[in-house]
Amino acid sequence: MVTTGPPARRSAVLRMLVVAVALAGALFGGAVPASAHAALTGSTPTQGSVVDRAPEQVSLTFSEGVAMGDDSIRVLDPHGKRVDRGKLRNLCSGATVKYGTGLPPGLGNGTYTVAWQAVSADSHPVSGAFTFSVGAPSKSSAAIPQQEAGGGLVGALYGIARCLAYAGFVLMAGGAAFVVACRPAAALVRSVQRLVVQGWALLTGTTVAMLLLRTPYTGSGDLADVFDLGGLQQVLLTKPGAALVSRLLLLAAAALFVAVLFGAFARAHEPAGAGGATEAEGEAGAVDPAEEARRRKDLTFGLGIGGVIVATGLAATWAMAEHASTGLQPAVAMPVDVLHLLAVAAWLGGLAALLVSLYWGPPVERTAVRRFSRIAFGSVVVLAATGVYQSWRQVGTWSALTGTAYGRLLLLKVGLVAVLVGIAWVSRRWTARLGEARAAEDTAAAAGAGGTAAATDAADVVDVADAAQEAGEAAERQSAKAAGKATGTVAAGAPAASSTATATATATAASPDPDPAPEETPDTDPEAAPETALNPETDPEPDPGTGPDPARAAQLARQHAALRTARTKRLRDADPERLGLRRSVLAEASVAVVLLLVTTVLTATEPARTEAAVQAASGGQSTASNQPQVLTVPFDTGGPHGKGTARVDLDPGRSGNANELRLRLSDPSGKAMDVPEVKVSFTQKAKKLGPLPVVPRHTGTGHWRASGVQLPVPGQWQLSLLVRTSDIDQVTEIRNVKIG
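Residues numbered from 1 in each chain as written. Predicted model: local features only at pLDDT ≥ 70, side-chain atom pairs only at ≥ 80, totals over all residues. Heavy atoms only, no water.

Asker: Explain the overall build of the protein chain residue by residue, including any values.
Answerer: Across its full length, the protein chain carries 20 helices and 18 strands. Taking as baseline every contact in the protein chain between residues at least 6 positions apart, the subset at least 24 positions apart corresponds to 72%. (Helix = DSSP H or I, 4+ residues; strand = E, 2+ residues; numbered from the N terminus. Contact = heavy atoms within 4.5 Å.)

Asker: Tell me about the packing of helix α5 (residues 239–261) against helix α8 (residues 289–319), residues and numbers included.
Answerer: Put simply, α5 and α8 touch, their axes get as near as 9 Å, and they point 160° apart. Accordingly, the angle class assigned to the pair α5 and α8 is roughly antiparallel. The way α5 lies across α8 gives a crossing that is left-handed. On α8, the residues touching Ala243, Ser246, Arg247, Leu250, Leu251, Ala253, Ala254, Phe257, Val260 and Leu261 of α5 are Leu303, Gly307, Val310, Gly313, Leu314, Thr317 and Trp318. Residues of the contact of α5 with α8, tallied by class, amount to 12 nonpolar, 4 polar and 1 charged. (Axes fitted to C-alpha atoms, helices over the stretch in contact; angles between N-to-C directions. Parallel < 35°, antiparallel > 145°, perpendicular 65-115°, else oblique. Left-handed = near helix turned anticlockwise from the far one by under 90°. Nonpolar A, V, L, I, M, F, W, Y, C, P; charged D, E, K, R; others polar.)

Asker: Outline the confidence of the model for the protein chain, supporting the account with residue identities and numerical values.
Answerer: Taken residue by residue, the protein chain gives an average pLDDT of 75. The fraction at 70 or more is 71%. In the model, residues 1–36 has pLDDT below 50 throughout and makes 64 contacts with residues more than four positions away in sequence or in other chains. Within the model, the stretch residues 435–539 combines pLDDT values under 50 with 107 contacts to residues more than four positions away or in other chains. (pLDDT = per-residue confidence, 0-100.)

Asker: Talk me through the pattern of salt bridges; I want residue IDs and the actual numbers.
Answerer: The full count for this structure, using the stated rule, is 16 salt bridges. With its nearest N and O atoms 3.5 Å apart, the salt bridge here joins Glu660 to Arg705. A residue pair is termed long-range when its members are at least 10 positions apart, and Glu660 in strand β12 (residues 659–666) and Arg705 in strand β16 (residues 703–709) qualify at 45 residues. Between Glu733 and Arg735 there is a salt bridge whose closest N-O contact spans 3.5 Å. Exposure remark for Arg735: the relative accessible area of 28% places this residue in the partly exposed category. (Salt bridge = Lys/Arg side-chain N within 4 Å of Asp/Glu carboxyl O. Buried < 20%, exposed > 50% of the residue type's maximum accessible area, 1.4 Å probe, protein only.)

Now the structure itself:
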């Protein structure tokens, strides 16, 4: 029989985990899709530029290495038709990452759109679009994808798979390490077995899912492309694809490791008399203790070495395809990243194994908790050392900690680790006060305590009665139905047998159980149960031709097992030190769930160094703000023909550069309209700048233009537009505009 926790304890665990997941959802539920880690730092022609004649090629410069194909850069004319030559040009030189595509001669005037997409060296997709004009700007009907690369449903599914993959690795590697290094007896605990096996299954399933999702994740974004075998073949040739395939091969070796861990290793650590010895060994005599100790030592050593190799290989599949594989000092960063992942798994995975052992297993020995405490402390030291290096490598400056999304997430992660260490310190105090589990002695003492023991036994009987009543009634109905088909006499005796079974269980509960079964209690042998459970004085004489009733024997076996389980739980829950330890470990696990989610989001966020490099390449401002600003301003002067709409284009929308302002006025029907006067000015109240007047010149019916518009600093500016439609009818409209 598998040891399970009381319903109240189970509900407490579920409540804590629900709180942890809810907190994580509150933190990340509204998060935007993960930003890619390679960024566009420059282009030729530049964003929003106007050139006299069509260039021979369009080139893009990136902050780090990217993977691109012939369709990665597309140039569309004002009508949305693709006009590039469709062949990628590799223009990389030294540390400069640059790609381009050729353009045919004879392109006409107008606004052209450049749409591009690539996969950064750390496996994340990146995409974007910009425009340039030949001769003069024009309207453009080119369709630009609105969904960001790696976003949408496919991006969400891929992000979930990444998070679950981390969780699976932590549970499998950390749980197995807990069994081998801290508590070998846990190899026999069913809850720990389920934890490790489910971790392996979770990591395997998410790895396959990520492999199938790579094609739509880095390409079309269409979920149906998971069945594109051609795309899958291309994915296998990339670095992320090779890492995922390597992970699957290592998981096959991990499956063999888990089989040995819960097979031969578990049998080697079975307690004496638990049925682990074979019949031949029983006939030959007891096994030599020295030989048994040597066998256990060899198994532990072999599993330890094999487990470290497999876990290191699995951790390397992340390091070789994500942050550590690109950027500054990759030869140092990759081994450091592997150590970081292994330390996380040893700490958090071991914590999960300890949690399920405390709630759904036999009492945990103090020595096992102390061993894990030492391993957890060593893991924290390794995490601190590797985390400091990784932070310096990815952030670079103190200001980036608060000035970038990566830095803020890193601060959140550090805070969660600090909380986790604080709770671990509380757990360590409970461990110091923890007494060894002496279930047998506690049972004997309870049996000799007179009235107290009687009350405890009576409570045990009540617990067992509730647990076994439904099973007993079902067995009784089955037995009566089977006996009714044979003879009416046997069917009439079924109620008497049920009463005898209840009386026997009560009598057994009233007597002390010398062995409360510290390990998980197996089901009682149905062949042996009737011999000890039947009472020859009260039970009717069985028919010599039919023998003992199997249903009745099974019912008694379940009652005995439930009685021993209830007694073990009562003794376990009566220890205040163990109760405190269970609660503190549960709190640790809840914080660890949130920490794991923060770590997953952090690995999918653009590093602060990359963001700083992009800002430096674009004049100190982020690329998001360096976009042409387009404003649509309805107006109504209140007089005849006083209603209309103004369209204001400010290109390229940067501070410190000569911007061009284009203004178009149209009437309610959309036709261009002239007015006697228009005025434009810019004001920034935060720095008390302005109003800075702009005097546009009239270039045609309903069109005005001003060149060389200088805005000295970036930030939020107010654009003031004055429109006068007659000598007395005029209006001033104010709009906010973001200047990079």
